[in-house]
Amino acid sequence: MAFLNKQKRPFTVVVEGNIGCGKTTFLNHCNKFNNVCVLAEPIEMWRNCNNHNLLGLLYQDIKKWSFTFQSYVQLTMLQQHTKQTSCPIKLMERSIYSARYCFVEKMKQDGLIPQASAAVIDKHFQWIRENVDITVDLIVYLRTTPEVVYERMLKRNRSEEKSVSLEYLQALHQIHEDWLYHKSLFDLPANVLVLNANLDKSAICEEYLKVEGHILNKSV
Ligand code: DGT
């Protein structure tokens, strides 16, 4: 592969799930393990691309900005996948796969991305898959119900997300379910472990224990 990292590849785990499912909380929990390199989602980069808040623009006018936003998400996710680390384990919040398989897919379903623009994203995605090492070893799916994440999203009150509806979260939930739970949509880049992420913060730590062993002490 043309852009294969020379350094030994870390065991790579990606955390997936609907908006507001608790990916950040899971990542913060894993920050205490010193053999794990934790990479949070590059949302601050999306909020400031040469002073342009692409996330804000997206939700202001989703039809106009979907292609621009997803192009930048794809680039920043590629940067996360290829970021070198001396840690034996890398834990990423989301991936280039969920950007394509969940978010771009939803935009395509809703006719928000013209077919020609979707083709460009796909060509780029395909080229990356064939030429760059974006291997994932394990997926942790934080499974929730749309009503629960909707409540959490309202509570956190992120200014850009004011226009996100329960219907949107329901549709995004279904895509995550079909991809990661029913395994009927797209290919899976790795095995999936499913956690009940509807549990609140006081109960979720026990749920985390179910996957810790699969993540820690791993190497490729
Ligand atoms: P958490 O910790 O589970 O609450 O995680 P969130 O909700 O902060 O993170 P995420 O990735 O579910 O959502 C980030 C925001 O960006 C959300 O408003 C959805 C929006 N978005 C639109 N397209 C994409 C995409 O391709 N990838 C990601 N990650 N977010 C996208």
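Coordinates for the structure precede this section.
Novice: Mind showing me how you'd approach helix α9 (residues 201–215) here?
Specialist: Compared with an ideal rise of 1.5 Å per residue, which puts 15 residues at 21 Å, α9 spans 21 Å between its outermost C-alpha atoms and is within 8% of the ideal. Approximately 35 degrees is the largest bend angle found in α9, and it occurs at L209. Residues of α9 that are buried: I204, E207, Y208, V211, E212 and I215. In the core, the buried residues of α9 are packed alongside β1 (11–16), α1 (23–30), β3 (89–93), β4 (138–143) and β5 (191–196).

Novice: Whenever I open this one, the site of the ligand confuses me. Can you help?
Specialist: Around the ligand, a shell composed of 22 residues is seen, among which T24, E41, R94, R156 and E161 lie nearest. At a separation of 2.8 Å, an oxygen atom of the ligand approaches a polar backbone atom of K23. R156 has a polar side-chain atom sitting 2.7 Å from an oxygen atom of the ligand. Taking 610 Å² as the accessible area of the ligand by itself, protein coverage stands at 97%. Contributing elements (two or more residues each) for the shell around the ligand: α1, α3 (54–60), α4 (62–82) and α5 (96–109).

Novice: Help me understand the pattern of salt bridges, please; the structure alone is not making it clear to me.
Specialist: Should the charged atoms of two oppositely charged side chains come close, the side chains can pair. Evaluation of the coordinates by the stated rule reveals 15 salt bridges. Between R94 and E41 there is a salt bridge, and its shortest N-O distance comes to 3.7 Å. Placement of the pair is R94 in the loop between β3 and α5 and E41 in the loop between β2 (36–39) and α2 (43–47), with a sequence separation of 53 residues. Counted as one network, the salt bridges with shared partners bring together R100, E105, K108 and D122.

Novice: Explain the environment of F103 here, please?
Specialist: For F103, the position within the fold is in helix α5. The exposure class assigned to F103 is buried, which follows from its relative accessible area of 15%. Those residues in contact with F103 that sit more than four places away from it in its chain are I19, Q70, R94, S98, Y168 and L172.

Novice: Just to check I follow, could you spell out the pairing of β4 for this structure?
Specialist: Two faces make up the sheet, and in a regular strand the side chains alternate between them. Summarising burial for β4: five of the six residues are buried, a large majority. Summarising the sheet, β1 and β4 pair through four bridges and their orientation is parallel. Residue pairing in the sheet places V13 in a bridge with L138 of β4.

About the cut-offs
- Residues numbered from 1 in each chain as written.
- Predicted model: local features only at pLDDT ≥ 70, side-chain atom pairs only at ≥ 80, totals over all residues.
- Heavy atoms only, no water.
- Helix = DSSP H or I, 4+ residues; strand = E, 2+ residues; numbered from the N terminus.
- Expected span 1.5 Å × (residues − 1).
- Bend = angle between axes of the 7 residues up to and from the residue.
- Buried < 20%, exposed > 50% of the residue type's maximum accessible area, 1.4 Å probe, protein only.
- Contact = heavy atoms within 4.5 Å.
- Near = heavy atom within 4 Å.
- Polar contact = N/O pair within 3.5 Å; in protein donor to acceptor, adjacent residues only side chain to side chain.
- Areas by Shrake-Rupley, 256 points an atom, 1.4 Å probe, with all protein chains shown as cover.
- Salt bridge = Lys/Arg side-chain N within 4 Å of Asp/Glu carboxyl O.
- Pairing = 2+ DSSP bridges.

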